[in-house]
Amino acid sequence: MTRATHRSAEEIGRTELGPRPLPPLGEPRTGVAPAVVDTVLANGLRVIAARHGQVPMVEMRLRIPFAGDDAMHPATAEVLAETLLTGTERRDRVKMDTDLAAVGGDLHAVVDPERLSIAGDSLASGLDTLLDVLADALTGATYADDEINAERARLVERIGVARSQPRVIAREELQRHRYGDHPYVREVPEAEDVAQVTSEQVRALHRSHVLPRGSVLVLVGDIDPDAVTGEVERALSGWSSSESAHELPALPPVTGGNVRLVHRPGAVQSQLRFSAQALARTDERYPALQIANLVFGGFFSSRLVENIREDKGYTYGAHSSFEFTRGNGTLLVDADTASEVTAAALLETRYELARLSLVPPSESEVESARQYAIGGLLTSTASQAGLASTLSALASAGLDQNWLTAHPERLREVTVEQVAEAAKLFAPTAFTGVVVGDADKLADQLRLLGGVELP
C-alpha cells in the first residue's frame, strides 16, 4: 500500500532553495467588441442590439425614465411595477407566464426614483414571443382590481419588514442627509401610501409615464442586430406618444460636513455611511478616480479593508463604490460595526481618507488596482446578461459600446500621478454622512471624536 501524504499550502509554496517563484502575469486579453446596432426608432425609443456569445439565448433590458414629483408617485410606481405583468387585454397572468415559458423566457419589472426597469430573457428563437409579451404589457396592461389588491397587500407587508432593516434605515437617512427633499430620496415608499393606491391611479401613471421617447431597449445574445432592430420596430409600433419619458431632476452636489448620528434604540451594531461628490463616467479624470477608489476601499486588497477588517477586526466588510445618475457621480463608503468600536472605526476611516489624499497610491497599488479594474470589466461583460446590463447602464449616461470597448485602454494609460491627483477627491472634508446606532451607547464616544452632530 502507498500511503497518501498531505502537504500544507506553505509546504507546496516552498522548495529546498526557498519560496517557489510565482510565474509572471500574462498580458491582459483585449476584449473583442461585438457587432452592435444602436438606433432610435420613429417612436423615440433607443434600441441597442448586440450579437454576443454562442449560447442560443437573448437578454433584454428596458429602461424607462420614471421620475415624479407627486407625493404619491413612489407608492403608485411601486404598485405599477408589481402589477405591470399580471395581465393585459389579450392575456391574463397565466397566459403571459405560459407564453414566456414556451420559449424559455421570463420578464420582471422593478422601479426606483430614477427609472422603471423591465428585464427578461428567452431562447433566441423565441425573441418574437418575448417582444410580443413585452409590447402587450406596455400597451395593454389592465391592472385588474383583484391583482392590484393582492399585490398591494403583499407590498405593504414587505415594506413594513424592509423599513425595520438596519441597512434600509441607514440608506434612507443618508439619502435625506445628502439630498434633503429631492425626489431621488424616496426609494422606499411609505406603507400607508401604498395601502391607498387604487387601480385607476396605477392606470393613470402608466398612461403618463410608460413612454418610449427617451427610453432605451437593449438586446444582447445570439441574434442578428440589424434584423432584430426591425423586429423591435414591428413589435413595438403600437407603443407611441408625443411626450418624452420623465427624467430625474439633476441632483445637487454633495458637500462635505459633519456626520449625523441617527438614534436607533437598542441597536448592538452601527451602520456607517459616508458620501462625497465624485465625477461622471464621461469625465476624462474618471479612469484615474476609478483606480484611486479601488486602492481606497473598492476591492478586498484595499487600504480600508486592510485597516478596519484585517488589522483591527472592526467589521466583516468595508466598501467604497460609485453611484451614478445622469451626468453625475458620487462616492459611497460603508461599513457595519459593533457599537463599542463605532467611534474607532469612524476615526480609522477618516484616517484612511486623509492618507489617500496625502500619501498617494504607490506604483504597485496602482498596478494591482488597474489589473483588477480591467479584469473585472472584461469578466462582467463576458456573459450576455452582464453585457446587456452594462450597455443599459451606460446608455442612461449617454454612453455607448464604443466607450465600453475603449475603457480598458483608458485604464492602462492612467499614470500614478493622475491617480494621485484624483485621490485628492477623497479628502475627509469632502465627505459627509450618517452613523445609525444606539445614541445612548455612541454619543459620548462620538462627542470626543468630533465632527458629529448628535441627536
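Summarised in this report is the structure supplied together with it. (Residues numbered from 1 in each chain as written. Predicted model: local features only at pLDDT ≥ 70, side-chain atom pairs only at ≥ 80, totals over all residues. Heavy atoms only, no water.)

1. Some points on the nonpolar core
F274, L391, F426 and F431 are the most contacted members of the largest nonpolar core, which totals 60 residues. Sorting elements by how many residues they give to this core places helix α10 (residues 286–298) first, with 8 residues. The residues touching F431, leaving out its near neighbours within four places in the chain, are G256, G257, F274, S275, A276, L331, V333, L353, L425 and F426. In terms of nonpolar packing, the next biggest core, distinct from the first, is built from 51 residues, V58, I118, V133 and I159 among them. (Core = buried A, V, L, I, M, F, W, Y, C linked by side-chain atoms within 4.5 Å. Buried < 20%, exposed > 50% of the residue type's maximum accessible area, 1.4 Å probe, protein only. Helix = DSSP H or I, 4+ residues; strand = E, 2+ residues; numbered from the N terminus. Contact = heavy atoms within 4.5 Å.)

2. Re the layout of surface pockets
There is about 520 Å³ of room inside the largest pocket. R281, Y286, Q290, L377 and S380 are, among the 21 residues lining the largest pocket, the residues nearest its centre. When the residues that make up the lining of the largest pocket are grouped by side-chain class, the tally is 11 nonpolar, 9 polar and 1 charged. (1 Å grid on protein atoms, 1.4 Å probe; cavity = no way out; pocket = protein on both sides within 12 Å on 5 of 7 lines; lining within 4 Å. Points joined across faces, edges and corners; volume = space filled by probe spheres on them. Nonpolar A, V, L, I, M, F, W, Y, C, P; charged D, E, K, R; others polar.)

3. Comments concerning the pattern of salt bridges
Close approach of charged atoms allows side chains of opposite charge to pair. On inspection of all chains with the given rule, the structure shows 38 salt bridges. Here D283 ties to R285 by a salt bridge, and the two come within 3.0 Å at their closest N and O atoms. For D283, a relative accessible area of 22% translates into the label partly exposed. Residue E310 is joined to R309 by a salt bridge in which the shortest nitrogen-to-oxygen separation is 2.6 Å. Residue R309 is classed as partly exposed on the basis of its relative accessible area, which comes to 28%. One connected set of salt bridges, linked through shared partners, spans R90, R91, K95, D99, D132 and D136. (Salt bridge = Lys/Arg side-chain N within 4 Å of Asp/Glu carboxyl O.)

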